[in-house]
Structure formats: C-alpha cells, structure tokens
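The lines below spell out each chain.
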Amino acid sequence: MPRSDLRGAHVLVTGAGRGIGDSFVAALLDRGASRVYAAVRDPRTIADRASAYGPRLVPVTLDVTDADHVGALSAEIDQLDLLISNAGREGSGNVLTQAESDARDLFEVHLWGPWRLASAFAGRITPATGGFIFVQSIAALALSRRGPFYSASKAAATMMAAALREAVRDSGLTVTNVFPGFTDTGMLAGEEVPKANPRSTADRTLDAWLAGEANVFPDSFAELVHERMRGDLDEALSTPGAMMAELYASYVDGQPNR
Ligand SMILES: NC(=O)c1ccc[n+]([C@@H]2O[C@H](COP(=O)([O-])OP(=O)(O)OC[C@H]3O[C@@H](n4cnc5c(N)ncnc54)[C@H](OP(=O)(O)O)[C@@H]3O)[C@@H](O)[C@H]2O)c1
C-alpha cells in the first residue's frame, strides 16, 4: 500500500512543462511533496515556475526517447517515492498510410521511453510505499478512430505497466495506469469537444494511486467508455469504430450547455 499522503515525497514527472504534466507538478507541490523533479525537453520553458516554487521544484532535462538522457537522470537522482510517466504526443493518421517512422516514434515515446525509465528507476523507488503512475489514454483500451498507432502504442504501454505491476508486487510498489478521455491541454487545442480539466485528472489520479488502485478512469468520457467495455468487451474488440462513434455522440449530447 502506498503512503497515506504525498507530504515529503520525492517525485519525478515526465512531460512536466505543460498540460497534464504541469498539473501533476502543481498538485504534488500543493500536497506537500518535498522534491518534484520536473522533467522537460527544454528546462528554459519552466524557468519562471522554478523560481516561483523555489527549491522543491527541480527542473531536469529529459527527452524520453533518448537513452543517454535517462542514464544521466538516473545518475543524478538516488531515490524516488513516485515516478509519473506522463510525456506523450498526439498521433493521428491512417492505419495503412501513416509514415512508418511516425508510427514507430509513437512507440518510442509511449512504450520504450517509459519502459527505459521504469527499468532505470525500479530499484530506487522506496519499497513498500512507493510506485509508478503511467498516463495512458482511453485509446489504449478502445480504438481511437483518428489515431490507430496512438492507440496501439498506448495499448502496448498499458501491458508493459501491467507486467511491471506483477514484477514489483512483492516489493509492495503500487503501479497505477490512468486512462484519460478528452482533456483540456495543448494536445487537443482547437478540438471542439467538451474536455476535462487537467488538474482534476491529476488530483483524481494521485488519490487513486494513494488508495492503491491499479486503474483510473479520471473523467466522464473515460468513465463512459469504461462502463460500456465492462458490459461488452466483444463489441469493443470487434466493432470499435461503431462503438466509439456512438459513445462520442452520447458524451457530447450529455454535456451541460449544449
Ligand atoms: N489531452 C488529452 O485529451 C489526453 C487524453 C488521453 C491521454 N493523454 C495523455 O496525457 C499525457 C499528457 O498529454 P497532455 O494532454 O498534457 O498533452 P500536451 O499538453 O501536449 O503535453 C505533452 C507533454 O509531453 C511532452 N513530450 C512529448 N514528447 C516527449 C518526449 N519525446 N520526451 C519528453 N517529453 C515529451 C511535451 O513536452 P514539450 O513541452 O517539450 O513538447 C509536453 O510536456 C500524454 O501521455 C497523452 O497521451 C492526453
């Protein structure tokens, strides 16, 4: 079971410069974490926040696809209570025509990067009370009609995290996968759809991790898809396009002020 709260915790957050990652950083600092390593590709982008938060916020350089960056970071950080693998990228395309290099890059960012980090840090996470959070997507479970390789890479990452959960179970570490739906970040800029607040996603996820939960569906669209798949996994696997089109329509229709 993880710690009862995050006071005094040492936490690494990837993709920490904006969006859900930035919300994790703010939530962790608000909850009394004593050191938050904010991993970003370019630390200059968070210089203003680093000076506002003071020494509890430590900007570190990390492109998750770069093994040398991961090696340097693991040499710099001795001990962590929680590693939050959040970095990710949008990935739309056609399953037959998407450039192979682009499809492979989605796996680099979503699967191999988080795996490399987990391997590097697993031995330095506080036994019994520490653990990992992996930011996946509802698209890991139900096909994204717009981003088939985004879905495939998040699905692969979900299984990697599930395997990690089994591997570290005896050390008492908690591994939580979070499956957000539409969330109000740069990734969905310009998209006309009701979106969840990223701070709420971060808070719900941290609460779930603290409660020892394996999976989190942190917003109303994620809950809708999860509920439907619990009832009919066959439909999700055999006709995902039709299922997601129907769920999307009922989600949009059900939003207030629409
Ligand atoms: N927004 C949604 O609707 C939604 C829904 C489901 C799941 N998610 C997942 O939530 C996570 C956070 O996304 P977001 O919505 O907060 O999007 P965002 O605002 O676009 O932020 C993505 C973050 O990931 C970082 N990043 C991308 N590639 C990276 C790499 N190779 N190495 C290190 N950092 C990298 C970006 O860094 P730079 O600032 O350097 O570009 C940025 O900080 C992602 O894993 C995404 O797949 C989002």
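Data block above holds the structure.
Residues numbered from 1 in each chain as written. Predicted model: local features only at pLDDT ≥ 70, side-chain atom pairs only at ≥ 80, totals over all residues. Heavy atoms only, no water.

Student: Explain the pairing of strand β5 (residues 131-135) to me, please; I cannot follow it from the model alone.
Tutor: Strand residues, when the strand is regular, have side chains that alternate between the two faces of the sheet. For β5, a buried count of five out of five residues is recorded, marking the element as mostly surrounded by other parts of the structure. Here β5 shows a buried face lined by Gly 131, Ile 133 and Val 135 and a second buried face lined by Phe 132 and Phe 134. Taken together, strand β4 (residues 82-85), helix α4 (residues 100-121) and β5 constitute a β-α-β crossover, and its handedness is right-handed. Relative to strand β6 (residues 174-178), β5 runs parallel, the two sharing five bridges. Within β6, the residue paired with Gly 131 across the bridge is Thr 174. (Buried < 20%, exposed > 50% of the residue type's maximum accessible area, 1.4 Å probe, protein only. Helix = DSSP H or I, 4+ residues; strand = E, 2+ residues; numbered from the N terminus. Right-handed = clockwise from strand over helix to strand, strands pointing away. Pairing = 2+ DSSP bridges.)

Student: When you look at the packing of aromatic side chains in this model, what are you seeing that I'm missing?
Tutor: Working definition: an aromatic ring pair is given by the centre-to-centre distance plus the angle between the planes. Applying the stated rule across the entire model yields seven aromatic pairs. Here the aromatic rings of Phe 182 and Tyr 248 are separated by 5.7 Å at their centres, their planes lie at 80 degrees, and the arrangement is edge-to-face. In this pair, Phe 182 sits in the loop between β6 and α6 (198-210) while Tyr 248 sits in helix α9 (residues 240-254), placing the two residues 66 residues apart along the sequence. On the basis of relative accessible area, Phe 182 is assigned to the buried category, the value being 17%. Owing to a relative accessible area of 26%, Tyr 248 belongs among the partly exposed residues under this scheme. Grouping aromatic residues by their ring pairs yields a cluster made of Phe 182, Phe 221, Tyr 248 and Tyr 251. (Phe/Tyr/Trp six-rings, centres within 6.5 Å; stacked < 30°, edge-to-face > 60°.)

Student: Any chance you could explain the sheet that holds β5 here in plain terms?
Tutor: Two pairing modes exist for strands in a sheet, parallel and antiparallel, and in both the strands are linked by backbone hydrogen bonds. Taken in spatial order, the seven strands make up an open sheet running β3-β2-β1-β4-β5-β6-β7, and their pairing is parallel. Taken across any chain shown, the strands that pair with only one partner, and hence form the sheet edges, are β3 (57-61) and β7 (215-216). Two elements, β6 and β7, share two bridges in a ladder whose sense is parallel. Across the sheet, the residue bridging to Asn 177 is Asn 215, located in β7. Of the strands in this sheet, β1 (10-14), β4 and β5 are in contact with α4, which crosses β4 at around 170 degrees. (Contact = heavy atoms within 4.5 Å. Axes fitted to C-alpha atoms, helices over the stretch in contact; angles between N-to-C directions.)

Student: Before we go on, may I ask you to explain the layout of surface pockets in this structure?
Tutor: Rolled over the atoms, a probe sized like a water molecule indicates the empty space that remains. Here the second largest pocket is characterised by a volume of approximately 210 Å³. Together, Ala 140, Leu 141, Ala 155, Thr 158, Met 159, Ala 162, Arg 165, Asn 177, Phe 179, Asn 215, Phe 217 and His 226 line the second largest pocket. Tallying contributions element by element places helix α5 (residues 148-168) first for the lining of the second largest pocket, with five residues. By residue class, the composition of the lining of the second largest pocket is seven nonpolar, four polar and one charged. (1 Å grid on protein atoms, 1.4 Å probe; cavity = no way out; pocket = protein on both sides within 12 Å on 5 of 7 lines; lining within 4 Å. Points joined across faces, edges and corners; volume = space filled by probe spheres on them. Nonpolar A, V, L, I, M, F, W, Y, C, P; charged D, E, K, R; others polar.)

Student: Explanation requested: the nonpolar core in the structure shown.
Tutor: Burial of nonpolar side chains together is a common tendency in soluble globular proteins. In terms of nonpolar packing, the biggest core is built from 29 residues, with Val 13, Leu 28, Ile 84 and Leu 206 touching the most fellow members. Every element with two or more residues in this core is listed here: β1, α1 (19-30), β2 (35-40), β4, β5 and α6. A total of six residues in this core trace back to one element, the largest contributor, which is α1. Apart from residues no more than four positions distant in its own chain, Ile 84 is found in contact with Val 11, Leu 12, Val 13, Thr 14, Phe 24, Leu 28, Ile 133, Val 135 and Leu 206. Judged by nonpolar contacts, the second largest core, of 28 residues, contains Val 70, Ile 77, Ile 125 and Leu 164. (Core = buried A, V, L, I, M, F, W, Y, C linked by side-chain atoms within 4.5 Å.)

Student: Honestly, the side chain of Ser 151 in this entry has me stumped. Any pointers?
Tutor: With respect to the helices, strands and loops of the structure, Ser 151 is situated in helix α5. Ignoring any residue separated from it by four or fewer positions in sequence, one finds Ser 151 in contact with Ala 139, Ala 140, Ala 142, Leu 143 and Ser 144.

Student: Whenever I open this one, the site of the ligand confuses me. Can you help?
Tutor: Every one of the 27 residues lining the ligand counts as a neighbour, but Ile 20, Arg 41, Asn 86, Tyr 150 and Thr 185 are closest to it. Note that an oxygen atom of the ligand is positioned 2.8 Å from one of the backbone N or O atoms of Ile 20. Contacts to the ligand include Gly 181, whose backbone N or O atom sits 3.4 Å from an oxygen atom. If the ligand stood free it would expose 890 Å²; the protein chains cover 90% of that surface. Here the shell around the ligand is composed, by residue class, of eleven nonpolar, twelve polar and four charged. (Near = heavy atom within 4 Å. Polar contact = N/O pair within 3.5 Å; in protein donor to acceptor, adjacent residues only side chain to side chain. Areas by Shrake-Rupley, 256 points an atom, 1.4 Å probe, with all protein chains shown as cover.)

Student: Quick question: what am I supposed to make of the environment of Leu 206 here?
Tutor: Summarising the element assignment, Leu 206 is placed in helix α6. C-alpha of Leu 206 to C-alpha of Leu 57: the two residues are 149 residues apart in sequence and 18 Å apart in space. Setting aside its immediate chain neighbours within four residues, Leu 206 contacts Leu 6, Phe 24, Ala 27, Leu 28, Arg 31, Leu 82, Ile 84 and Ile 133.

Student: Help me understand unusual backbone geometry in this model?
Tutor: What is expected of a backbone is that most residues other than glycine have negative phi and most peptide bonds are trans. Although it is not a glycine, Ala 128 sits at a positive phi angle of roughly 75 degrees. Along the polypeptide, Ala 128 turns up in the loop between α4 and β5.

Student: Which parts of the structure should I look at to understand the environment of Pro 127?
Tutor: Summarising the element assignment, Pro 127 is placed in the loop between α4 and β5. Expressed as a C-alpha distance, the spacing of Pro 127 and Asp 207, which sit 80 residues apart in the sequence, is 19 Å. When neighbours within four sequence positions are excluded, Pro 127 is seen to be in contact with Ser 171 and Leu 173.

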